[in-house]
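Read off the chains here:
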Amino acid sequence: MNPPHVVVIGGGATGAAVAHDLALRGLRVTVVERGEVTSGTTGRHHGLLHSGARYAVKDQESAKECIEENMILRRIAPGSFELNNGLFVAITDEDMAYRPAFLEGLETCGIPYKEITPQEALAREPNLNPAVKAAVEVPDGTMDAMRLPLRFLATAQSHGARILTYTEVEEILMQGRTVTGVRVRDHVTEQTYTIGADIVVNAGGAWAGKIAALAGVDVPLQPSPGVLVAVYGRWNNMVLNRMHRSGDGDIIVPQRTLSVIGTSSWVVEDPDRLEMKAEHIDLMYEYGAQLVPAIREAKLRAAWAAARPLIGSGGAQTGRELSRTFKCFDHAERDGVEGFVTIAGGKATTARGMAEVTANVVVKKLGLDAPCRTREVVLLPHTAYYRRRA
Amino acid sequence: MAEVTFKIYRYKPGAIDPPRYDTYRVSIEPHTTVLDVLEHLRLDDPTLTYRHSCHHGSCGTCGMLVNGKEVLACVTRVADLKTDTVVIEPLRHQPLISDLVVDMTPFFEKYEPVGMPYIRESEYLPHSQPPEEVGAYTRFENCLECGLCLSACPVVGSDPDYLGPAALAAAARVVQEPRGQDVPTVLAMVDTEEGCWRCHAAMECSEVCPNDVDPGGLIMFLRRELLTGTSRSGGKR
Amino acid sequence: MRPKTQWLWQAFSGLLLVFLLALHLTVNHFAAGGLLTYEDIVAYLAQPWVRVLETLFLLTVTYHALAGVRGILLDLNLTTAAARRVTLGLTVLGVLICAYGLWLFTTL
C-alpha cells in the first residue's frame, strides 16, 4: 500500500521544513508554491538566527523556542550560518534600566550569555557606538535566508518529495466537510489540474489566512510588514542588538559584504500589498546609527518590505504587541473540517520546530506511528536542491 | 513620479508560444526597483513568472537582462536606468522555463562538484577581536550563484561544455582558502580543455558580477597557479 | 599537447612575435628606407643569422595564428572527434606552411 500523500501549500521556510519532516517519516509529499521557493516572506527576512534574547523579556514562549531551535539548526545545518554570535548593547540610561530584566529573562529562558565590558565590546566591534554602557554576548548568528530552506527542500526531495514551483492553489477540494486535495494552476503552462491528498497542510505564512479562506475556515493571522535596509560594507561582525524593549531599527545583521538594518512594523490586511514605506529608510539609518554611527554614511544597497505572519486577531496596531510564537491548527477539531491543518506564526529560526509539531498532528490524524527525526538528520547542501531529478 | 514603459519578454511552452513582448506603463518612485515593478505587475497578472527571494542582492535569485545587460532586478533602480523604455528579458545561455524564469540546474551541475564551502573567514574589520568561542569571524562567500556571469560569457554561449566562470571562480576560491577541500583534485578538475584554458578573457563575467567576485580575474589566477604550481602541495597558502 | 602547455606556448609565441615582428619590419622595411629589390632580399637572406631569425619568425607566426584559429573553432561546440580532426587538420596545415617557407629558402 502506498504511504499517505500530503500536499503542503507554501514553499517558504515553514513549508520546506514540513516537507522535510513528513518525507523523513515516510510519507509522500508534494509542495505547491505559487512562485519561486522562498519568494514570500522567507527570503526577505533579516537573516538572523535568533538566540531568543530579543524576546527574553516580553515573549518568553518564543524565546525558548528560538534557543532550542538555534542549537538544533547549528547541528543539522552546518555551513549555513556565519559564526559570529550576537551582542546586545546598552547605549542610554534607559537601556541600562532594561538590563536587569533582560538578564533575568535570559536566565529564565535558558539562553546562554556572557556579559562583557564596554571596552571588550569596542575591541570586538570597533565601529560600535563608543557610548556603549553594557554589552551581553548571546548565540545569535547570521543565516542565509534562502539557502537554509533550500537544504530542507533538497533533503525532502532526496526522500521522494515533489516540489512544484509556479503552481498556485486555486481551490481546496472538499467532499462534504473533508478536504480531499487541491486544484492548482501551473503558471508555466497555465493549465489547471487537481492533486489528491489525504491531508493538506497550509504553510502559507503571511498568506495562510487567504489559503484557509479557500477551505472556508478562518485563522487568526495578522500580516505585519517591516522595512529592512541593506547597506554596503560590513560595519560589524557580530549581530548587534539594542538592549531595550524590541523596537524599530534596533538590529544590525552583517550578511556577506553587507549590513542589514531592521526593522519597522505595521499591520496590513493583504500581504501582497505591502507598500514599501520610503520614509522608513531614513528611520532605519537613524536608528541603525545609534548602534553603529558610521552606518549614517554607508551607501544604500536596497530597501524592501517583508510581511511577518503573526498570530493574533484584528485590533493589532503595529504588530509589536503580538507574540512571535507559532500555532498549529487542526481544523477538524476547531472548525469541523477534516483533512486540513494550518501552521501559522513563528520565525525562520523555529521553522523546524513548527514542522515537528505540524507533522505530529498529521501522523496522528493518519493513525501512523512515525516519530520525528529532524533533530538528528544532517541536511543536504543547498546546491543539492538543483540536482536533476531522475 | 515618472511613467516608464516596460517591455517584458513572455513565453510559456504551449501557452505563449512563440514568445512575445508585453508592454506595460508603470509609475515609478525614485526608489522603485525593477523587481518592485514586476511585483506590482503580478498583482494584476498572476501569470507573470520570475524568480526572486531576498530583495537586497544577497540570494542571487532575480538575475535577468534589463536593457540587454545582466543585473539583479532587486538592486536595479528604474530611475538609474535613465530611459523611458525598459526591456526585461530572461538570462541568456540557460534553459528557459517560463517568462523570465530560467532553469538553474545546468549551472549547479558544473558548480556543485567543485565543492566550495559556502562560508569563509571574514576579512572585514581585521583589527577586531572575535570572542573565544568563535575563534575567527566567518561570512558567506561573495558568489551569489546568480548565473549573471554565465549569461554574459561569450564562450558559454557557444560551448555548453565549458565549465564557465562561476564554477571556475569557485574552484579558485577553494585554491585560495581550501577549508579542508582537496586542492590538487580541484586543480585537476579545471586543468582541462573545457576548464580554465577555454576562457577567451572577454572579462564580461567580471563586468556583470553583482558582488565583486571577479570570475575573470580568478580564472587568470587559476592559470597562474597551474603554471607555477605553488598549490601542488594542497596545503594552506 | 596538454591544454596548459598549449596555452603557455600561445602566450610565449605571442610575446616572441612582438619582438620578431618589430625586428622583421625594421630590417626589411624601415632600415632599408623603402621597398627592397629582389637582389636586396636575396643578399639579405643570404646572411645566416637572418635565416635563423626569419625561420623563427615563420614558425612563431604559423603556430600562433593556427592555435588562435583552433581556439575560435573550438567555440563552435564541436564533438570530441571533430575537435581532434580540427587539431590534426591545423597541425598538418601548419607543417605544410612551415615546410613551404623553409623550402623557399633553399630556392634562393
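Everything numeric here is computed off the predicted structure, so don't read it as measured data. (Residues numbered from 1 in each chain as written. Chains lettered and ligands numbered in written order. Predicted model: local features only at pLDDT ≥ 70, side-chain atom pairs only at ≥ 80, totals over all residues. Heavy atoms only, no water.)

Comments concerning the overall build of chain C
Part 1 of the reasoning: Counting its secondary structure elements, chain C contains four helices and zero strands.
Part 2 of the reasoning: Overall, chain C is about 50 × 25 × 20 Å in size when its C-alpha atoms are taken along their principal axes.
Part 3 of the reasoning: A burial count over chain C gives 30% of its 108 residues as buried.
Part 4 of the reasoning: Relative to all contacts within chain C whose residues are 6 or more apart in sequence, the contacts with residues 24 or more apart total 71%. (Helix = DSSP H or I, 4+ residues; strand = E, 2+ residues; numbered from the N terminus. Buried < 20%, exposed > 50% of the residue type's maximum accessible area, 1.4 Å probe, protein only. Contact = heavy atoms within 4.5 Å.)

Digging into the domain arrangement of chain A
By convention, interface size is frequently given as the accessible area that disappears when the constituent parts associate.
Residue and element names in this part refer to chain A.
Part 1 of the reasoning: For chain A, the assigned domains are domain 1 (5–42 + 147–220 + 323–387) and domain 2 (46–144 + 222–311).
Part 2 of the reasoning: Just the C-alpha atoms count here: the centres of domain 1 and domain 2 sit 29 Å apart.
Part 3 of the reasoning: Opposite the 32 residues of domain 1 that make contact, domain 2 presents 35 residues.
Part 4 of the reasoning: When the two sides are added together, the surface that domain 1 and domain 2 hide from each other amounts to roughly 2900 Å², 55% of it contributed by carbon and sulfur.
Part 5 of the reasoning: It is L148, R324 and T349 that lose the most area in domain 1 upon contact with domain 2, and together they represent 23% of the buried surface on that side.
Part 6 of the reasoning: Inspection of the domain 1/domain 2 interface yields six salt bridges.
Part 7 of the reasoning: Two residues, E68 and R375, come together in a salt bridge whose shortest N-O distance is 3.0 Å.
Part 8 of the reasoning: Between the two partners, domain 1 and domain 2, sit 21 residue pairs in polar contact (both at pLDDT 80 or more). (Domains from an automatic or database assignment. Buried area = accessible area lost by both parts, 1.4 Å probe. Salt bridge = Lys/Arg side-chain N within 4 Å of Asp/Glu carboxyl O. Polar contact = N/O pair within 3.5 Å; in protein donor to acceptor, adjacent residues only side chain to side chain.)

Some points on the arrangement of the chains
Part 1 of the reasoning: Taken together, the two pairs of chains in contact show their highest number of contacts between chains A and B.
Part 2 of the reasoning: Separated in space, chain A and chain C share no contact, their closest pair of C-alpha atoms being 23 Å apart.

So, empty space enclosed by the protein
All names here are of chain B.
Part 1 of the reasoning: Tallied over the entire structure, the rule returns nine cavities of 30 Å³ or more.
Part 2 of the reasoning: Empty space within the largest cavity amounts to approximately 120 Å³.
Part 3 of the reasoning: Counted by class, the lining of the largest cavity contains twelve nonpolar, three polar and one charged residues.
Part 4 of the reasoning: The calculated volume of the second largest cavity comes to roughly 90 Å³.
Part 5 of the reasoning: Along the walls of the second largest cavity sit 14 residues, with C153, C199, A202, M203 and C205 positioned nearest its centre.
Part 6 of the reasoning: The set of elements that each furnish at least two residues to the lining of the second largest cavity consists of helix 5 (154–158), helix 8 (204–208) and helix 9 (215–228).
Part 7 of the reasoning: Considering only residue class, the lining of the second largest cavity consists of eleven nonpolar, two polar and one charged. (1 Å grid on protein atoms, 1.4 Å probe; cavity = no way out; pocket = protein on both sides within 12 Å on 5 of 7 lines; lining within 4 Å. Points joined across faces, edges and corners; volume = space filled by probe spheres on them. Nonpolar A, V, L, I, M, F, W, Y, C, P; charged D, E, K, R; others polar.)

Thoughts on unusual backbone geometry
All names here are of chain A.
Part 1 of the reasoning: Cis geometry marks the peptide bond from G262 to T263; its omega dihedral reads -10°.
Part 2 of the reasoning: Checked against the element boundaries, T263 lands in the loop between strand 17 (258–262) and helix 7 (279–291).
Part 3 of the reasoning: Located in the positive-phi region is Y166, a residue other than glycine, with phi close to 55°.
Part 4 of the reasoning: With respect to the helices, strands and loops of the structure, Y166 is situated in the loop between strand 9 (162–164) and strand 10 (167–175).
Part 5 of the reasoning: Judged by relative accessible area, which is 4%, Y166 ranks as buried.

What about the packing of aromatic side chains?
Part 1 of the reasoning: Throughout the structure, instances matching the rule amount to twelve aromatic pairs over all chains.
Part 2 of the reasoning: Seen from their ring centres, W197 of chain B and W7 of chain C are 5.3 Å apart, and the 45° between their planes marks the pair as tilted. Remark: W7 of chain C occurs in helix 1 (residues 3–30) and W197 of chain B occurs in the loop between helix 7 (183–190) and helix 8; the pair is interchain, linking two chains.
Part 3 of the reasoning: The class for W7 of chain C is partly exposed, based on a relative accessible area of 25%.
Part 4 of the reasoning: Through a chain of ring-to-ring contacts, three or more aromatic side chains come together here, namely Y385 and Y386 of chain A together with F107, F108 and Y111 of chain B.
Part 5 of the reasoning: The residue whose ring lies beneath K277 of chain A is W266 of chain A, and the NZ or CZ to ring-centre distance is 4.6 Å. (Phe/Tyr/Trp six-rings, centres within 6.5 Å; stacked < 30°, edge-to-face > 60°. Lys NZ or Arg CZ within 6 Å of the ring centre and 35° of its normal.)

Considerations on the sheet that holds strand 10 of chain A
Residue and element names in this part refer to chain A.
Part 1 of the reasoning: Taken in spatial order, the three strands line up as 10-11-12 in an open sheet, and their pairing is antiparallel. Every other strand in the sheet has two partners, leaving strand 10 and strand 12 (191–196) as the edge strands with one partner each. Neighbour-to-neighbour, the strand axes of the sheet open up by a mean angle of 25°, direction not taken into account.
Part 2 of the reasoning: Judged from the eight bridges that link them, strand 10 and strand 11 (residues 178–186) form a sheet pairing that is antiparallel. Across the sheet, the residue bridging to E168 is R185, located in strand 11. (Pairing = 2+ DSSP bridges. Axes fitted to C-alpha atoms, helices over the stretch in contact; angles between N-to-C directions.)

Re the pattern of salt bridges
Part 1 of the reasoning: Per the counting criterion, the structure on display carries 52 salt bridges over all chains.
Part 2 of the reasoning: A salt bridge links D99 of chain B to K12 of chain B; the shortest N-O distance between them is 3.3 Å. Of the two residues, D99 of chain B is situated in the loop between strand 6 (96–98) and strand 7 (101–102) and K12 of chain B in strand 1 (residues 2–12); the sequence distance between them amounts to 87 residues. Residues D99 of chain B and K12 of chain B agree in their burial class; the two are buried.
Part 3 of the reasoning: Residues participating in the shared-partner salt-bridge network are E170, E171, R183, R185 and E190 of chain A together with R10, K12, R20, D22, D45 and D99 of chain B.

Things to note about the environment of G345 of chain A
All names here are of chain A.
Part 1 of the reasoning: Here G345 lies in strand 20 (residues 340–345).
Part 2 of the reasoning: For G345, a relative accessible area of 8% translates into the label buried.
Part 3 of the reasoning: Along the backbone, G345 and G312 are 33 residues apart, and their C-alpha atoms lie at a distance of 9.1 Å.

Here we look at the state of the cysteines
Residue and element names in this part refer to chain A.
Part 1 of the reasoning: A full pass over the atoms with the stated rule returns zero disulfides over all chains.
Part 2 of the reasoning: This cysteine, C109, is not joined by any disulfide, and C66 carries the nearest cysteine sulfur, 9.7 Å off.
Part 3 of the reasoning: Assessed through its relative accessible area of 6%, C109 is described here as buried.
Part 4 of the reasoning: Free cysteine: C328, not disulfide-bonded; nearest cysteine sulfur from C372 at 13 Å. (Disulfide = S-S within 2.5 Å.)

Notes on the pairing of strand 2 (residues 28–32) of chain A
All names here are of chain A.
Part 1 of the reasoning: Where burial is concerned, most of strand 2 is hidden: four out of the five residues are buried.
Part 2 of the reasoning: Two strands pair when backbone bridges link them, and strand 1 (residues 5–9) and strand 2 are joined in this way by five bridges, in the parallel orientation. Paired with V7 across the two strands is T30, which belongs to strand 2.
Part 3 of the reasoning: Handedness of the β-α-β unit built from strand 1, helix 1 (residues 13–24) and strand 2 comes out right-handed.
Part 4 of the reasoning: In this structure, strand 2 lies alongside strand 9, joined through three bridges in parallel fashion. Considered in strand 9, the bridge of V31 is made with I163. (Right-handed = clockwise from strand over helix to strand, strands pointing away.)

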